[in-house]
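Summary of the model geometry
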Amino acid sequence: MLLSLGILIFVIVFYCMITEKVASAYATMLGALAMAFLGIVNEEQILETIHSRLEILLLLIGMMIIVSLISETGVFQWFAIKVVKIVRGDPLKLLILLSIVTATCSAFLDNVTTILLMAPVSILLAKQLKLDPFPFVMTEVLSSDIGGMATLIGDPTQLIIGSEGKLSFNEFLINTAPMTVIALVILLTVVYFTNIRKMKVSNRLRAQIMELESDRILTNKKLLKQSIIILTAVIIGFVLNNFVNKGLAVISLSGGILLAFLTEREPKKIFGAVEWDTLFFFIGLFVMIRGIENLGVIKFIGDKIIELSTGNFKVASISIMWLSSIFTSIFGNVANAATFSKIIKTVIPNFQSVADIKVFWWALSFGSCLGGSITMIGSATNVVAVSASAKADCKIDFMKFFKFGSKIAILNLIAATVYMYLRYL
């Protein structure tokens, strides 16, 4: 009975999000609380679940504060004008430049941080050129998901996979970075033929853009200098976190609170810039996933994978990638990576004679990162980007995201299947 009710709650919550009948934050929180009242999860488990995800929540709060203060300086508009001038108003060149910058930053920074910084820029750029910002934002989001796959530190899922599989930074670089380049090329090719090729910028508008003076856009140079220093320190902290071991949340919050203190802003104004609806959406989603796990749904699917793949290394590897991508689109890539890491550890003993067992971990990496582009809730990056876009009057709903992201994700997963088969299998 509880199993049926739990699954029903999950389906209703997704229906509400897809149809937008209920705001996403309300939908997941109501779903989580319904599971609590039914006894699917108890208060102790809820608190434990939130505690285990506090790092990503506090990381987001710190970065939201920093980005909010940076936006007051006009630097996003300044950067937008500079980029538009470099590409001379050409939509294709603009798309390529933004994608490469986003993917590269996501490979070496937290990709949530990258999208918080880049999404406002892409929307401003599109508006400057009088173009639809949707394909630019979506391309950046998917570039961030793809770029995070390149290294050990690019995405939270990679950190989980690296820790569980005892994999080094260089191993990720050698095995997942080549697939990142392939996936990025596929993304840009598809977006060009489906969206960008139809976009035209008049010669008159291009001439007007080239005449814009970007330096006048910067409204608060003192705040800009403070922001650049602190943001740089935070980014360096992220990169060196494996050595300093202070934690991403502590580094992010330290930067946000220090910058807020230096600017002498009222706490009410500073914390008002935090996107609390996004944070509560995550809290509700994490609790619901814990409920589904308590009901044995995840274990059941894991057992079926083992049953399906036992004895056939190729089937096992490809199954892990494709099934983990489906899981990611429903439960999110962090929950998927944590769950499938456990599944892989139960599968490995059946393949001790195989030379390169690490293929399972690369399969999980591809499934988690590429599958994260299928739905709006596939990764934290997606949710943050959608929220940031809504604030800039670029509304992206569940189905709009799915139609754009799923076709590219499927093509990339097919490419990853070929890549794995030729390189490992």
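Reference entry: report on the structure contained in this document. Note that this is a predicted model, so its numbers are computed, not measured.

A few words on the overall build of the chain. Helices and strands together make up the secondary structure of the chain, namely 23 helices and zero strands. A compact globule built from 425 residues would reach a C-alpha radius of gyration of about 22 Å, and the chain, at 22 Å, matches this within 12%. When the backbone C-alpha atoms are referred to their principal axes, the chain occupies close to 65 × 50 × 45 Å. The buried share of the chain, reckoned over its 425 residues, is 56%.

A few words now on a nonpolar patch on the surface. Among the surface-exposed residues, I410, L411, I414, V418, Y421 and L422 lie close enough to one another that they form a single nonpolar patch of about 580 Å² accessible area. Tracing the chain through its elements places I410 in helix α23 (residues 398-423). A residue is classified by how much of its surface remains accessible, and I410, at 42% relative accessible area, is partly exposed.

This part is about the environment of S68. Assignment of secondary structure puts S68 in helix α4 (residues 54-71). Along the sequence, S68 and I414 sit 346 residues apart, while their C-alpha atoms lie 39 Å from each other.

With their axes 11 Å apart at the nearest point, helix α6 (residues 91-108) and helix α11 (residues 177-194) run at an angle of 150° to one another. Accordingly, the angle class assigned to the pair α6 and α11 is roughly antiparallel. Handedness of the crossing formed by α6 with α11: right-handed. Judged by residue contacts, L92, L95, I96, S99 and A103 of α6 engage L184, L188, V191 and Y192 from α11.

Of note, S373 is situated in the loop between α21 (359-371) and α22 (380-391). Accessibility expressed as a relative area gives 4% for S373, which makes it buried. A distance of 3.4 Å separates the side chain of S373 from the side chain of D145, its partner in a polar contact. Ignoring anything within four residues of it in the chain, the contact list for S373 reads L142, D145, N382, F401, G405, S406 and A409.

In this structure the tally under the stated criterion is seven aromatic pairs. Centroid distance F366 to Y419: 5.8 Å. Interplanar angle 80°. Geometry classified as edge-to-face. One end of the pair, F366, is in helix α21; the other, Y419, is in helix α23, with 53 residues separating them in the sequence. A relative accessible area of 0% means that F366 is categorised as buried. What links up through ring pairs into an aromatic cluster is the set F366, Y419 and Y424. For K400, the ring lying beneath its charged end belongs to F134, and the centroid distance is 4.5 Å. One Lys or Arg, K407, reaches over the ring of F404 and ends 6.0 Å from the middle of that ring.

With that out of the way, let us pick up the packing of helix α7 (residues 111-128) against α22. At a minimum axis distance of 9 Å, the contact between α7 and α22 shows a crossing angle of 30°. As judged from the angle between their axes, α7 and α22 are roughly parallel. Of the two elements, α7 crosses α22, and the hand of that crossing is right-handed. Along its contact with α7, which presents N111, V112, I115, L116 and I123, the element α22 presents A380, T381, V384, A385 and S389.

What follows deals with α21. When the terminal C-alpha atoms of α21 are compared, their 17 Å separation across 13 residues agrees well with the 18 Å that a helix rising 1.5 Å per residue should span. Within α21, 13 of the 13 residues are buried, which leaves the element mostly enclosed by the surrounding structure.

Here is what the cut-offs are and how they apply
- Residues numbered from 1 in each chain as written.
- Predicted model: local features only at pLDDT ≥ 70, side-chain atom pairs only at ≥ 80, totals over all residues.
- Heavy atoms only, no water.
- Helix = DSSP H or I, 4+ residues; strand = E, 2+ residues; numbered from the N terminus.
- Rg over C-alpha atoms; globule rule 2.2 N^0.38 Å.
- Buried < 20%, exposed > 50% of the residue type's maximum accessible area, 1.4 Å probe, protein only.
- Patch = residues over 30% accessible without salt bridge, like charges linked within 9 Å, V, L, I, M, F, W, Y side chains within 5 Å.
- Areas by Shrake-Rupley, 256 points an atom, 1.4 Å probe, with all protein chains shown as cover.
- Salt bridge = Lys/Arg side-chain N within 4 Å of Asp/Glu carboxyl O.
- Axes fitted to C-alpha atoms, helices over the stretch in contact; angles between N-to-C directions.
- Parallel < 35°, antiparallel > 145°, perpendicular 65-115°, else oblique.
- Left-handed = near helix turned anticlockwise from the far one by under 90°.
- Contact = heavy atoms within 4.5 Å.
- Polar contact = N/O pair within 3.5 Å; in protein donor to acceptor, adjacent residues only side chain to side chain.
- Phe/Tyr/Trp six-rings, centres within 6.5 Å; stacked < 30°, edge-to-face > 60°.
- Lys NZ or Arg CZ within 6 Å of the ring centre and 35° of its normal.
- Expected span 1.5 Å × (residues − 1).

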